[in-house]
Amino acid sequence: YRDYIKICKKENIINTQESDNLLELLNDLGVCLYFENILILNPKWLTNEIYKIIDSDSLVKNNGVLKFEDKNSYIINLMEEFKLCYKFNKNEILIPDLLEVNEPIFEFDYENSFKFIFIYDFLPSSIITQFIVNIHLDIKDKLRWRTGVVIKSKDFNSIAVVKADIEDKKIFIFVTGKQKRDYFIYIRKIILDINNSFENLKYDEKIVINNNLSVSYQHLINLENMGEESFIPDGAMQKYSVKEFLGMVDKKRIV
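Residues numbered from 1 in each chain as written. Predicted model: local features only at pLDDT ≥ 70, side-chain atom pairs only at ≥ 80, totals over all residues. Heavy atoms only, no water.

Considerations on the overall build of the chain
Right, on to step 1. A count of helices and strands for the chain gives nine helices and 14 strands.
Right, on to step 2. Dimensions along the principal axes, computed over C-alpha positions, put the chain at roughly 70 × 50 × 35 Å.
Right, on to step 3. In the chain, which comprises 255 residues, the proportion classed as buried is 42%.
Right, on to step 4. For the chain, the share of sequence-separated contacts (at least 6 apart) that also reach a separation of at least 24 residues comes to 53%.
Right, on to step 5. For the chain, the exposed area adds up to about 15,700 Å²; of that, 48% sits on carbon and sulfur atoms.
Right, on to step 6. The distance from the centre of the 34 positive side-chain charges to the centre of the 39 negative ones in the chain is 4 Å. (Helix = DSSP H or I, 4+ residues; strand = E, 2+ residues; numbered from the N terminus. Buried < 20%, exposed > 50% of the residue type's maximum accessible area, 1.4 Å probe, protein only. Contact = heavy atoms within 4.5 Å. Areas by Shrake-Rupley, 256 points an atom, 1.4 Å probe, with all protein chains shown as cover. Lys, Arg positive; Asp, Glu negative; His and termini not counted. Charge placed at Lys NZ, Arg CZ, Asp CG, Glu CD.)

If you want it as structure tokens, here you go:
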């Protein structure tokens, strides 16, 4: 970065804001990669180095668990930066993309859980990968697989299952516990942040009322803006409170 600034000064780009804006542009164009004052002039080199690790036979056999030496820590740190992996001790990482495909057997009270669904026009598989990396400190009893994870929060005294159906283009969230709404809001915020890192990613959010009924979160917001206090979901025989269901997702709207 210091060398880059010297070059800018030679080209009469003295203003720091201008040099930073130019660097962001070069980063966006893929000419270089820049973060935390590190410049990589050949992004293809980095891609090749990362794939050397990901494609290694030992990593596949170990279901994504890799022991690394300190001399490789630079590449590992970059992989962490790109949310490709996370460290679970000083010299071991886990790459969620190489976890076992099959969902493990575990007990969870799905029937009494709060249920929420993200429905995408197109679901990048990296969304669930990035989520697992972001939430890895909450993983319960190593219950993680390539498209899902079981997590537990001491702060919220709640447990959740988050899993993706890539073919069906959906991410399902199930949360149970004393503060399940608060834990859900925390989980949803992580997924929304990941969604927002993709340009023009289109998706809908639905609250599951019961096994057969659901309602769009955006539809509830529209109803609230129209002054409606209740709604009847398609196929239902009773009215439901707009504010009650909005309050499940947004603390500001709690009745």
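A closer look at the pairing of strand 9 (residues 158-165)
Right, on to step 1. Extensive coverage of strand 9 is indicated by the burial of six of its eight residues.
Right, on to step 2. Where strand 8 (residues 148-153) meets strand 9, six bridges bridge the pair, whose relative direction is antiparallel. Bridge pairing links I151 to A160 in strand 9.
Right, on to step 3. Counting the residues that bridge the hairpin from strand 8 to strand 9 gives four residues, and of these N157 lies at a positive phi of roughly 50°.
Right, on to step 4. Relative to strand 10 (residues 170-177), strand 9 runs antiparallel, the two sharing eight bridges. The partner of A164 across the bridge, within strand 10, is I171.
Right, on to step 5. The antiparallel hairpin formed by strand 9 and strand 10 contains four residues in its connecting segment, where K169 sits at a positive phi of about 60°. (Pairing = 2+ DSSP bridges.)

Things to note about the layout of surface pockets
A probe as big as a water molecule, rolled over the atoms, marks out the empty space that is left.
Right, on to step 1. Taken as a whole, the largest pocket spans an internal volume of roughly 260 Å³.
Right, on to step 2. Together, 13 residues line the largest pocket, and S113, F114, K115, V208 and I209 are the ones closest to its centre.
Right, on to step 3. Of all the secondary structure elements, the ones that give two or more residues to the lining of the largest pocket are strand 6 (114-120), helix 7 (180-196) and helix 9 (242-249).
Right, on to step 4. Of the residues that constitute the lining of the largest pocket, the class distribution is six nonpolar, three polar and four charged.
Right, on to step 5. In terms of lining, the second largest pocket is formed by L33, P43, L46, T47, I50, Y51, I54, F82, L84 and D97.
Right, on to step 6. With six residues, helix 3 (residues 43-54) is the single largest residue contributor to the lining of the second largest pocket.
Right, on to step 7. Within the lining of the second largest pocket, the residues separate by chemical class into eight nonpolar, one polar and one charged. (1 Å grid on protein atoms, 1.4 Å probe; cavity = no way out; pocket = protein on both sides within 12 Å on 5 of 7 lines; lining within 4 Å. Points joined across faces, edges and corners; volume = space filled by probe spheres on them. Nonpolar A, V, L, I, M, F, W, Y, C, P; charged D, E, K, R; others polar.)

Examining unusual backbone geometry
Glycine aside, residues mostly have negative phi angles, and peptide bonds mostly take the trans form.
Right, on to step 1. Residue N63 is not a glycine yet carries a positive backbone phi of 55°.
Right, on to step 2. With respect to the helices and strands, N63 occurs in the loop between helix 4 (57-61) and strand 3 (65-67).
Right, on to step 3. For N63, a relative accessible area of 30% gives the class partly exposed.
Right, on to step 4. Within the chain, N157 stands out as a residue other than glycine whose phi angle is a positive 50°.

Comments concerning the pattern of salt bridges
Right, on to step 1. The full count for this structure, using the stated rule, is nine salt bridges.
Right, on to step 2. Residues D193 and K189 are paired through a salt bridge, measuring 2.7 Å at the closest nitrogen-oxygen approach. Note that D193 and K189 are positioned in helix 7 at a spacing of four residues, about one turn of the helix.
Right, on to step 3. The exposure class assigned to D193 is partly exposed, which follows from its relative accessible area of 40%.
Right, on to step 4. Taking relative accessible area as the criterion, K189 reaches 46% and is therefore assigned partly exposed. (Salt bridge = Lys/Arg side-chain N within 4 Å of Asp/Glu carboxyl O.)

Points about the packing of helix 1 (residues 2-10) against helix 2 (residues 16-29)
Right, on to step 1. One way to put it is that helix 1 packs onto helix 2 with a least axis distance of 11 Å and a crossing angle of 115°. As summarised for this structure, helix 1 and helix 2 are arranged roughly perpendicular, according to the angle between their axes. The two elements helix 1 and helix 2 cross, and the hand of that crossing is right-handed. Taken together, the residues of helix 2 that come into contact with helix 1 (itself represented by Y4, I5 and C8) are S19, L22, L23 and L26. (Axes fitted to C-alpha atoms, helices over the stretch in contact; angles between N-to-C directions. Parallel < 35°, antiparallel > 145°, perpendicular 65-115°, else oblique. Left-handed = near helix turned anticlockwise from the far one by under 90°.)

Points about the sheet that holds strand 3
Right, on to step 1. Taking strand neighbours across the sheet as the criterion, the three strands line up as 3-5-4 in an open arrangement whose pairing is antiparallel. Strand pairing shows two members of the sheet lacking a second neighbour, strand 3 and strand 4 (86-89), which therefore form its edges. Between one strand axis and the next, the sheet turns by 35° as a mean value, whatever way the strands run.
Right, on to step 2. As paired strands, strand 3 and strand 5 (residues 92-94) are joined by three bridges and run antiparallel to one another. Each bridged residue has a counterpart across the sheet, and for V65 the counterpart in strand 5 is L94.

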